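# Structural characterization, general
Letter by letter, the chains look like this.
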Amino acid sequence: MAPTHVLRCCQRGLAWIPVIFIALVVCWSYYAYVVELCIRKFTIPSIGEQSKFVYLVFFHLSFIMFVWSYWMTIFTRPANPSKEFCLPKAEKERYEKEERPESQQEILWRAASSLPLYTRTGAGAIRYCDRCQVIKPDRCHHCSACDMCVLKMDHHCPWVNNCVGFSNYKFFILFLAYSLMYCLFIAATVLQYFIKFWTNELPDTHAKFHVLFLFFVAAMFCISILSLFSYHLWLVGKNRSTIEAFRAPVFRTGSDKNGFSLGFNKNIAQVFGDQKKYWLLPIFTSQGDGLTFPTRLVNADPEQATVTLHPEPNKSAASIQASPLSESQNRLLSNDQHVNNTGVHLANNTLKSGKLHH
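Please read all numbers here as calculations on a predicted model, not as lab measurements.

## Some words on the nonpolar core
- Judged by nonpolar contacts, the single largest core of 51 residues is most densely connected at Tyr33, Phe59, Tyr169, Ile186 and Val190.
- Among the secondary structure elements, those contributing two or more residues to this core are α2 (17–39), α3 (49–75), α6 (169–198), α7 (207–238) and α9 (264–272).
- Top contributing element to this core by residue count: α6, with 17 residues.
- Ignoring sequence-local partners within four residues, the contact set of Val190 consists of Tyr33, Leu37, Val211, Leu214 and Phe215.
- With 26 residues, the next largest nonpolar core counts Ile107, Leu108, Cys149 and Phe166 among its residues.

Quick look at the structure:
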């Protein structure tokens, strides 16, 4: 029987097959569109030089943004829970020695009393990962493919050979957006020559087969990417992950599928950031630290401790660039609290004026 590390190496190598397949398709599409469709004059005798120039400019813009966002999605390491969520050494040894689940939960409850946790298991227990030996922060889940706990895990995507979560979710959304734009542009500009292929108006060269398959592949990917992109835009607007869409998070007050939703605009800002000029660029601008998130129920849970977490020195750039929870939470919730306080103040004034009138 092969050693375990050999099997893991084989699995890691096979996991790159979908990424290599996408890379080969993209390279072929670049050659087919730029060389066969635009540069070689006999392929498209009816198109002028100015139109070719416009085609190439827009093609390369969408191509660069698509490759850039795809690269960032693949090679951005998923963010993991910080050391604050690890059990102290003494508590960890006690936890491992305990055989009764009740006693283990008591240990976890004591360790989690100083952590900003709002979600629980379905049975109301502390969410703990025995594999990573860490208390799971809110929206954190263990990825079996990556063999690690991932902050705000959405899903593991084989097409990027990476886990999509807090550190690269914005890049994944942009990857879907620019890949859709890339395919739509190719399909729209190649459609007329695809029609000419069936009417035998194209020169009888091998280039016309590139035109045929270029349109077919672009249209096929358009359909599949459009549905996935639309679904994730809906998730962003609702402030849910794919996991939370199928299984609602459980809070102290019970399960609530909208527990992390703060309104459409604030939900968008959590993923893309406050500054709109950076929304379309594959650079990290998401709010928060990935460890804790503002929630509609945060003010209704007075027993929950408030703790400021400091990122580790060796954490990824995504975690370091993110804003601390306190700043993000105050910014997101301050407007709603101001509105509520103003409403209460106006109501009190109205009641007082009514009494004076009577």
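Text resumes after the structure shown.
## With respect to α6
- For α6, spanning 30 residues, the distance from its first C-alpha to its last is 42 Å, which sits close to the expected 44 Å at 1.5 Å a residue.
- Taken as a whole, α6 carries its principal kink of about 45° at Leu191.
- Among the 30 residues of α6, 21 are classified as buried, and the element is accordingly described as predominantly covered.
- Following α6 by one or two positions, Asn200 has its phi on the positive side, about 60°.

## A look at the sheet that holds strand β9 (residues 254–255)
- Spatially, three strands are ordered β1-β8-β9 in an open sheet, and the strand pairing comes out antiparallel. Edge strands, defined here as strands with exactly one partner in the open sheet, are β1 (119–120) and β9.
- By the bridge criterion, two bridges tie strand β8 (residues 250–251) to β9 in an arrangement that is antiparallel. Opposite Val250, over in β9, you have Ser255 as the bridge partner.

## Brief notes about empty space enclosed by the protein
- Throughout the structure, instances matching the rule amount to two cavities of 30 Å³ or more.
- By volume, the largest cavity amounts to about 60 Å³.
- Lining the largest cavity, in full, are Lys152, Phe166, Tyr169, Gln270, Val271, Ser286, Gln287 and Phe293.
- Of the residues in the lining of the largest cavity, the class split is four nonpolar, three polar and one charged.

Calculation criteria
Residues numbered from 1 in each chain as written. Predicted model: local features only at pLDDT ≥ 70, side-chain atom pairs only at ≥ 80, totals over all residues. Heavy atoms only, no water. Core = buried A, V, L, I, M, F, W, Y, C linked by side-chain atoms within 4.5 Å. Buried < 20%, exposed > 50% of the residue type's maximum accessible area, 1.4 Å probe, protein only. Helix = DSSP H or I, 4+ residues; strand = E, 2+ residues; numbered from the N terminus. Contact = heavy atoms within 4.5 Å. Expected span 1.5 Å × (residues − 1). Bend = angle between axes of the 7 residues up to and from the residue. Pairing = 2+ DSSP bridges. 1 Å grid on protein atoms, 1.4 Å probe; cavity = no way out; pocket = protein on both sides within 12 Å on 5 of 7 lines; lining within 4 Å. Points joined across faces, edges and corners; volume = space filled by probe spheres on them. Nonpolar A, V, L, I, M, F, W, Y, C, P; charged D, E, K, R; others polar.

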